[in-house]
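Single-letter residue listing:
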Amino acid sequence: MAMIQVVSFDSGLDPHEILAWRYRDPDSPGKSDELGTWAQLVVDESQEAVLYRNGQALDLFGPGRHTLSTANMPLLSKVVNLPYGGESPFKAWVWFVNRVHSLDVKWGTASPIQLQDPKYGVLLPVRSYGQFGIRIADSRKFLVKLVGAASQLDREMLVKHFRGLLLTRIHDLISTYLIHKKISVVEVNAWLDEISGEMGDRVAPLFREYGVEVLNFFVNSINVPEEDPAVAELKKTLTERAKMEVLGYSYQQMRSFDALEKAASNEGGGNLINAGLGLGVGVGMGGAFGRMAEQMGQNLAAPSSSRTCGKCGAPVSEGARFCSGCGAPMPGRTVCPGCGASLSGGMKFCPECGMALSPRCPSCGKTASPGAKFCPECGTELTGKSNPEER
């Protein structure tokens, strides 16, 4: 051992990764705990050195050069009877604690959290990740409670120590926002700043108990795995809904269009009329869509009539009493009030029973409405039967 022993931090170690390191003599590793009374202790900036003996963290040294003598080791002097001169060694470990700010300590959920989306009611696997910054605030407490008998402690080991407590708080907080605050998982990223601040407040006391100060805490993302079947189905549904909103129709209308298209592809387009009318009424889409479906069905059925509505110009099938486009009544009688036979437009007498469709009163000559039994002017009884000679 050299006449004057120099104890310093290993320059080959990264001070941002290594949070605490126990001194190891490069020349005699087995005698690293034998320190002379005039040994020189060199502590770098943003570091602290702690003399550690028999499981106790004793004297604390800040940045600078320190001579290990009884004058600046009062706590160790009470434990060990050190001579006031000479070079007699004593047993003690030296720990170097890095107090630099580590701002990129990574964290993440090892496995997704199964939560029910409050907006869509779908059970989704939710995961999250982020980073936080720390600084060793109390070197003694840090060494005693976390390091123990280990030879060093780095950032990865620190996160491993706190992973259980950290993830429990994160799970609780994400569940609070998704379930209790009724925020959907597809919208929760808009709340990341608020979640990060609240998460930092929750974990700070946990770290402080072990001598570690939390400088900041960030939740970078809360997401769901793309390969999960429930996630894929939800995204497909949301995409279809967005498409319908852009095009200006609803889910019921879309299903009606699909049904009409399927019916049109089948043989015999006449069945489409009933399908269209049933959909128009059954899904509760209102009169406008019902009429549209009826028109689609009638057009596919290819009606043979050339009649058109005088109000809206829509084609009207032979025998229809009202327009399928606007609902306006069609002129002329289409069914005989006497026998129920079908009539063509312009007929004055029924070809089956001979009833006058617009009877004329034999007394006053007033024209009565079709099917009337008495003259509206003089009250004379109308037979309704036509005589070939009278025609």
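Residues numbered from 1 in each chain as written. Predicted model: local features only at pLDDT ≥ 70, side-chain atom pairs only at ≥ 80, totals over all residues. Heavy atoms only, no water.

A. Main features of the overall build of the protein. Looking only at helices and strands, the protein features 8 helices and 16 strands. Intrachain contacts of the protein at a sequence separation of at least 6 include 59% that bridge at least 24 residues. Put simply, the protein shows about 22,000 Å² of open surface, and 51% of that area lies on carbon and sulfur atoms. (Helix = DSSP H or I, 4+ residues; strand = E, 2+ residues; numbered from the N terminus. Contact = heavy atoms within 4.5 Å. Areas by Shrake-Rupley, 256 points an atom, 1.4 Å probe, with all protein chains shown as cover.)

B. Main features of the confidence of the model for the protein. Predicted confidence across the protein gives a mean pLDDT of 74, with 66% of residues reaching 70 or more. Confidence drops under pLDDT 50 across residues 84-88; counting only partners more than four residues distant or on other chains, this segment forms 12 contacts. (pLDDT = per-residue confidence, 0-100.)

C. Spotlight on unusual backbone geometry. In the Ramachandran plot, Ser46 falls in the positive-phi region, its phi being about 60° despite a non-glycine side chain. By secondary structure assignment, the location of Ser46 is in the loop between strand 4 (40-43) and strand 5 (47-53). Even without glycine at this site, Lys182 takes up a positive phi of about 55°. As for its placement among the helices and strands, Lys182 is situated in the loop between helix 3 (155-180) and helix 4 (192-208). Accessibility expressed as a relative area gives 62% for Lys182, which makes it exposed. (Buried < 20%, exposed > 50% of the residue type's maximum accessible area, 1.4 Å probe, protein only.)

D. Seen up close, helix 4. In a regular helix each residue adds 1.5 Å, so 17 residues correspond to 24 Å; helix 4 covers 24 Å between its end C-alpha atoms and thus fits that length. The largest bend along helix 4 measures about 25° and falls at Arg202, with the proline Pro205 one to four residues further on. Along helix 4, the positions that sit buried rather than exposed are Leu192, Ile195, Ser196, Met199, Gly200, Val203, Ala204, Leu206 and Phe207. Along its buried surface, helix 4 packs onto strand 12 (123-136), helix 3 and strand 14 (212-223). (Expected span 1.5 Å × (residues − 1). Bend = angle between axes of the 7 residues up to and from the residue.)

E. The arrangement of the pattern of salt bridges in detail. Taken as a whole and assessed by the stated rule, the structure comprises 7 salt bridges. A salt bridge links Glu194 to Lys181; its shortest N-O distance comes to 3.4 Å. Remark: Lys181 occurs in the loop between helix 3 and helix 4 and Glu194 occurs in helix 4; sequence separation between them is 13 residues. Between Arg202 and Glu198 there is a salt bridge; the shortest N-O distance is 3.4 Å. Note that Arg202 and Glu198 are positioned in helix 4 at a spacing of 4 residues, about one turn of the helix. (Salt bridge = Lys/Arg side-chain N within 4 Å of Asp/Glu carboxyl O.)

F. Molecular detail of the sheet that holds strand 13 (residues 152-154). One open sheet accounts for 5 strands, arranged 6-5-9-2-13; its pairing is antiparallel. Looking at the sheet topology across the chains shown, the edges are occupied by strand 6 (56-61) and strand 13. Strand-to-strand, the axes of this sheet are offset by a mean angle of 20°, without reference to chain direction. Strand contacts of helix 2 (residues 139-147): strand 2 (18-22), strand 5, strand 6, strand 9 (93-98) and strand 13, with the helix running at about 150° to strand 6, the strand carrying the most contacts. (Pairing = 2+ DSSP bridges. Axes fitted to C-alpha atoms, helices over the stretch in contact; angles between N-to-C directions.)

G. Focus on the nonpolar core. Of all hydrophobic cores here, the largest spans 48 residues; its most connected members are Phe132, Phe142 and Phe217. Among the nonpolar cores identified, the runner-up in size contains 16 residues, and Val7, Ala39, Val43 and Leu68 belong to it. (Core = buried A, V, L, I, M, F, W, Y, C linked by side-chain atoms within 4.5 Å.)

H. Spatial organisation of the side chain of Ser196. On the secondary structure map, Ser196 appears in helix 4. Since its relative accessible area comes to 7%, Ser196 is described here as buried. A distance of 2.7 Å separates a polar atom in the side chain of Ser196 from the backbone oxygen of Leu192. Each residue touching Ser196, except ones within four places of it in the same chain, is listed here: Phe217, Phe218 and Val219. (Polar contact = N/O pair within 3.5 Å; in protein donor to acceptor, adjacent residues only side chain to side chain.)

I. Just the pairing of strand 9, in detail. Burial runs high along strand 9: 5 of the 6 residues are buried. The sheet contact formed by strand 2 and strand 9 spans 3 bridges and is antiparallel. Note that in strand 9 the partner of Trp21 across the bridge is Phe96. Bridge analysis of strand 5 against strand 9 gives 6 bridges, and the strand direction is antiparallel. If you follow Gln47 over to strand 9, its bridge partner there is Asn98.

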